[in-house]
Amino acid sequence: HLGNNVSIGRKVNIYTEFPDSLLTIGSNTQINKGVELDFSGNLSIGDFVVISEHANIMSHDHGLNPLSKPTKCPKIISDRVWIGANTIILPQVKFIGENAIIAAGSIVTKDVAANTIVGGNPAKVIRQIQ
């Protein structure tokens, strides 16, 4: 499902490994060039979200065996989230809260609370947004 006024840049890959997976992208959301969106585990992206260039969002996992059957890892990205360029959001991340900012180049390994800026490898809290 796509909301109104969704912008999807060039060379964006949107894919799933399961025929019953669901993808929801809210209104006024911008997905920039080169983004990889895996919605195998179900992916919900809120309204007014910006996903910057070459970000990679994964929603399935193979554990320690790349040839094993994939496991679904559902993911919710709330409203007004900004995901910086070249960010990787790993499968075990289930939730990114409203108004969160993920700094460019970050590798997100844990859920991100609302109104929080995270960055680094692995991403850590930089500060809260007032």
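In what follows, the accompanying structure is described. (Residues numbered from 1 in each chain as written. Predicted model: local features only at pLDDT ≥ 70, side-chain atom pairs only at ≥ 80, totals over all residues. Heavy atoms only, no water.)

**Concerning the sheet that holds strand β5 (residues 36–38)**
Part 1 of the argument: As summarised here, the arrangement of the five strands in space is β2-β5-β8-β13-β16, forming an open sheet in which the pairing is parallel. Of all strands in the sheet, those bounded by a partner on one side alone are β2 (13–15) and β16 (107–108).
Part 2 of the argument: Pairing of strand β13 (residues 88–89) with β16, which is carried by two bridges, proceeds in the parallel orientation. The residue of β16 that forms the bridge with Ile 88 is Ile 107. (Pairing = 2+ DSSP bridges. Helix = DSSP H or I, 4+ residues; strand = E, 2+ residues; numbered from the N terminus.)

**Things to note about the nonpolar core**
Side chains of a nonpolar character, in soluble globular proteins, are inclined to be buried together.
Part 1 of the argument: Formed by 25 residues in total, the largest nonpolar core has its most connected members in Ile 51, Ile 77, Ile 83 and Ile 96.
Part 2 of the argument: Every element with two or more residues in this core is listed here: β3 (23–25) and β6 (43–45).
Part 3 of the argument: Contacts of Ile 77, omitting those with residues within four sequence positions, involve Leu 43, Ser 44, Ile 45, Gly 46, Val 49, Ile 57, Ile 83 and Ile 96. (Core = buried A, V, L, I, M, F, W, Y, C linked by side-chain atoms within 4.5 Å. Buried < 20%, exposed > 50% of the residue type's maximum accessible area, 1.4 Å probe, protein only. Contact = heavy atoms within 4.5 Å.)

**Quick look at the pattern of salt bridges**
Part 1 of the argument: Evaluation of the coordinates by the stated rule reveals two salt bridges.
Part 2 of the argument: Asp 20 serves as the salt-bridge partner of Lys 72, at 3.0 Å between the closest nitrogen and oxygen. Residue Lys 72 is found in strand β10 (residues 71–72), and its partner Asp 20 is found in the loop between β2 and β3; the two are separated by 52 residues along the sequence.
Part 3 of the argument: Here Lys 72 falls in the partly exposed class, since its relative accessible area comes to 30%. (Salt bridge = Lys/Arg side-chain N within 4 Å of Asp/Glu carboxyl O.)

**Let's talk about the side chain of Thr 116**
Part 1 of the argument: Mapped onto the secondary structure, Thr 116 falls in strand β17 (residues 116–120).
Part 2 of the argument: Here the side chain of Thr 116 touches Ala 114 through a polar contact of 3.0 Å, landing on its backbone oxygen.
Part 3 of the argument: Polar side-chain contacts of Thr 116 include one of 3.0 Å to the side chain of Gln 128.
Part 4 of the argument: Aside from chain neighbours lying at most four places away, what touches Thr 116 is Asn 99, Ala 100, Ile 101, Val 125, Arg 127, Gln 128 and Ile 129. (Polar contact = N/O pair within 3.5 Å; in protein donor to acceptor, adjacent residues only side chain to side chain.)

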